[in-house]
Amino acid sequence: MIGLKKNVMSLKKDKKDGVKKKKVKSAVLRVRKDMKELDDRWEIKHPDINDLLHFKVTIVPEVGIWKGVAHKFDINIPNEYPIKPPTCTCETKIWHPNIDLQGHVCLNILRSDWKPVLTLNHVIIGLNFLFLEPNSSDPLNKEAALQMSKQYAKFEKKAKDWSRGRYNSYYY
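In short, a report on the structure. (Residues numbered from 1 in each chain as written. Predicted model: local features only at pLDDT ≥ 70, side-chain atom pairs only at ≥ 80, totals over all residues. Heavy atoms only, no water.)

Summing up its helical and strand segments, the chain has five helices and four strands in all. Along the chain, from the amino end to the carboxyl end, the secondary structure elements read α-α-β-β-β-β-α-α-α. Evaluated residue by residue, the chain yields a buried proportion of 44% over its 172 residues. Taking all contacts inside the chain whose residues are at least 6 apart in sequence as the whole, residues at least 24 apart take part in 52%. (Helix = DSSP H or I, 4+ residues; strand = E, 2+ residues; numbered from the N terminus. Buried < 20%, exposed > 50% of the residue type's maximum accessible area, 1.4 Å probe, protein only. Contact = heavy atoms within 4.5 Å.)

With that out of the way, let us pick up the side chain of Asn141. If you trace the backbone, Asn141 turns up in the loop between α3 (120-132) and α4 (142-150). According to the relative accessible area criterion, Asn141 is buried, its value standing at 7%. Side-chain polar atoms of Asn141 contact the backbone nitrogen of Glu143, separated by 3.3 Å. Not counting residues up to four positions away in its chain, the partners in contact with Asn141 are Trp95, His96, Pro97, Ile99, Asp100 and Leu101. (Polar contact = N/O pair within 3.5 Å; in protein donor to acceptor, adjacent residues only side chain to side chain.)

Our next topic: the sheet that holds strand β1 (residues 43-45). Judged by pairing direction, the sheet is antiparallel, and its four strands sit side by side in the order β1-β2-β3-β4 without closing on themselves. Each edge of the sheet is formed by a strand with only one pairing partner; in this case those strands are β1 and β4 (87-90). Each strand of the sheet is rotated relative to its neighbour by a mean of 25°, with strand direction disregarded. As judged from the four bridges shared by strand β3 (residues 71-76) and β4, these two strands associate in the antiparallel manner. Bridge assignment links Phe73 to a residue of β4, and that residue is Cys90. Here α3 sits on the sheet in contact with β1, β2 (54-59), β3 and β4, set at roughly 40° to β2. (Pairing = 2+ DSSP bridges. Axes fitted to C-alpha atoms, helices over the stretch in contact; angles between N-to-C directions.)

Right, let's talk about the environment of Arg41 for a bit. Following the sequence through the fold, Arg41 ends up in the loop between α2 (26-36) and β1. Note: C-alpha distance between Arg41 and Thr58 (17 residues apart in sequence) is 9.2 Å. Setting aside chain neighbours within four positions, we find Arg41 in contact with Glu62 and Asn128.

This part is about the pattern of salt bridges. Within this structure, the stated rule accounts for 10 salt bridges. Residues Asp34 and Arg30 are paired through a salt bridge, measuring 3.0 Å at the closest nitrogen-oxygen approach. Taken as a pair, Asp34 and Arg30 lie in helix α2 at a separation of four residues, close to a single helical turn. Glu37 serves as the salt-bridge partner of Lys33, at 3.1 Å between the closest nitrogen and oxygen. Lys33 gets classed as partly exposed once you look at its relative accessible area, which sits at 44%. (Salt bridge = Lys/Arg side-chain N within 4 Å of Asp/Glu carboxyl O.)

The next point concerns the packing of α4 against helix α5 (residues 152-163). Two numbers describe how α4 lies on α5: the axes approach to 5 Å, and their chain directions differ by 130°. By the angle between their directions, the pair α4 and α5 is classed as oblique. In contact with Glu143, Ala144, Gln147, Met148 and Lys150 of α4, α5 contributes Tyr152, Lys154, Phe155 and Lys158. For the contact of α4 with α5, a count of residues per class yields four nonpolar, one polar and four charged. (Parallel < 35°, antiparallel > 145°, perpendicular 65-115°, else oblique. Nonpolar A, V, L, I, M, F, W, Y, C, P; charged D, E, K, R; others polar.)

Limitation: the analysis is restricted to geometry and does not speak to function.
In structure tokens form, the structure reads like this:
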């Protein structure tokens, strides 16, 4: 994270000896600010240190069905951020009503409830909240939602099994 902060701060070049300053997108400026405010419990990695608009975050829930299991998300920030929300994809295979089998995430603040005042910390907290309070009434994975609402014990077992990489015995 230290290298990232150093690189983030050095994106602008001095206008000495004919070297022009790089024009910094407003989305990058906002992401710089948001990154400084992120909670330390999230593991953030930039696949390309020069691309602040794309990063990976690892969330390890502290309680609930998915407790102690690392879940990796791919976060892409549009150039129109914060006017438009980031897109988030779960890279960890998971049995969850709000995350489909392709990793698409159903989180209200990434859709209709997005407001420019929200930050990346809000987004990551929202992702973490999905592990604490999955919402079967607004599902992406309708089968998981139905199982959660009608057969909770089976849902919980399947979710725990998938969290431990045991999904071969399930049909999907």
